[in-house]
Amino acid sequence: MERFLLGADQLRARGGGKWKKHPPEVIPAFVADMDFKVAPGVQDALMMFTDTQDYGYGQVTDTIPLFEAFSTWMARRHHWQPDPTLSHANTSVVQGLVATLLAFSEPGDSIIAQTPIYPPFLLTIEGTGRRLVENPLVDNGTRFVVDVEGLKRAAAQASMILLCNPHNPTGRVLDRAELEAIATIAANHNLTIVADEIHADLVYPGATHIPMETIAAAAERTVTLTSATKGFNIAGLRTSIAHFGSPALKDRFDKRLPLHLLGVPSRIGVAATIAAWSEAEAWLNDVMRYLDHNRQRVTNWAAHASLGHYPPEATYLAWMDCRRLDLPEGATPQQHFLEHAKVALSEGLDFGEPGQGHVRLNFATSAEILEDILGRLGGAFG
Ligand SMILES: Cc1ncc(COP(=O)(O)O)c(C=O)c1O
């Protein structure tokens, strides 16, 4: 058995929201946390704090090794060498999303997002008084792809594009041609590109993550938001990075937002993130092999169950179209499965209108729990 696996009883005994939100008879498969232990190197870094009860303030310079570890990891894993001095530490990627919206757009501006999309994209655009312009991904019969012509039309009225790559919820990893097309359109219309690449470390064989800042036409207008939290399962430690493709972008960000508005990540989160990027690659590779088995299992199961589903190229999230199932009317599939299968999935509509009739299933769990989830869902098909 893999050393990182946890059983349902162990998971229920912990305090995380995923296993605490619903009553114990419900299996959670919604929020994007993995039901796995962290890498030993990450755990050791955390224990350095707990063993010595070392919870005091740090220094401003604490982020320097964080930015260097980020740059080294990106270079090794993704062939991109971000400049450590153009980095900014945030507590979360969503915080970075709000901050970049405030720094690089004005109230009332139109912001492009490719729906269906991770719900905070929609909520932060609305919450900051900006206007959402949807450029829905298109189902081409084998996967979801960027609607380049639609993007050209949308770009004519927008000031920014929020990109999620790899894409949550569809699991698409945008290819070079798509990224080049987005970069060209952004350059033609002077759009700022905000690239949420938090799932970049969770790419399966067959796909390659290409950081937006490595696309020449995009680099100087791109802010990359990322963290070690998805790949290394440390989302509760609240540490992320915003990287600016040019000094001018960083300058504007620093000047537009009042000092101390954002706060800084904790020393504990910073240390765990450095350990993840420096010492945990073997763990990540093992986890990816395990997730790949789960991904194939979900894909085969979905095909037999007449669910609309394309295997994700990255992420441990399965986006499933339930509209061909004969489910009773009056409830969404998510509500139906919560009530009748006692499985908590993510609600498709939270990802925007194209999510109607869809659910998102998190398969980052043991094969045993996954079988329980799939068996329960199958039992509630109609
Ligand atoms: C695309 C995407 N961005 C951001 C986040 C959340 O990041 P954070 O917790 O750092 O705000 C998630 C979490 O699932 C996500 O899927």
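Enquirer: What should I look at first to understand the site of the ligand in this one?
Expert: Surveying the vicinity of the ligand reveals the residues Ala 32, Ser 92, Val 93, Val 94, Tyr 118, Cys 164, Asn 168, Asp 196, Ile 198, His 199, Lys 230 and Arg 238. Here an oxygen atom of the ligand sits 2.8 Å away from a polar atom, N or O, in the main chain of Val 93. Within the backbone of Val 94, one N or O atom sits 3.0 Å away from an oxygen atom of the ligand. Of the residues in the shell around the ligand, the class split is six nonpolar, three polar and three charged.

Enquirer: Please clarify how the pattern of salt bridges should be interpreted in this entry.
Expert: When their charged atoms lie close together, side chains carrying opposite charge are able to pair. Applying the stated criterion across every chain yields a total of 19 salt bridges. Across the pair Asp 175 and Arg 143 runs a salt bridge, and its minimum N-O distance is 3.3 Å. Placement of the pair is Asp 175 in the loop between strand 7 (160-164) and helix 8 (176-188) and Arg 143 in the loop between strand 5 (138-139) and strand 6 (144-145), with a sequence separation of 32 residues. Glu 371 serves as the salt-bridge partner of Arg 297, at 2.6 Å between the closest nitrogen and oxygen. Of this pair, Arg 297 sits in helix 13 (residues 281-304) while Glu 371 sits in helix 15 (residues 367-379); the two residues are 74 residues apart in sequence, bridging distant segments of the chain. Given a relative accessible area of 32%, Arg 297 falls into the partly exposed group. Counted as one network, the salt bridges with shared partners bring together Arg 143, Arg 172, Asp 175, Glu 178 and Glu 313.

Rules of the game
- Residues numbered from 1 in each chain as written.
- Predicted model: local features only at pLDDT ≥ 70, side-chain atom pairs only at ≥ 80, totals over all residues.
- Heavy atoms only, no water.
- Near = heavy atom within 4 Å.
- Polar contact = N/O pair within 3.5 Å; in protein donor to acceptor, adjacent residues only side chain to side chain.
- Nonpolar A, V, L, I, M, F, W, Y, C, P; charged D, E, K, R; others polar.
- Salt bridge = Lys/Arg side-chain N within 4 Å of Asp/Glu carboxyl O.
- Helix = DSSP H or I, 4+ residues; strand = E, 2+ residues; numbered from the N terminus.
- Buried < 20%, exposed > 50% of the residue type's maximum accessible area, 1.4 Å probe, protein only.

Just distances and angles here, no functional claims.
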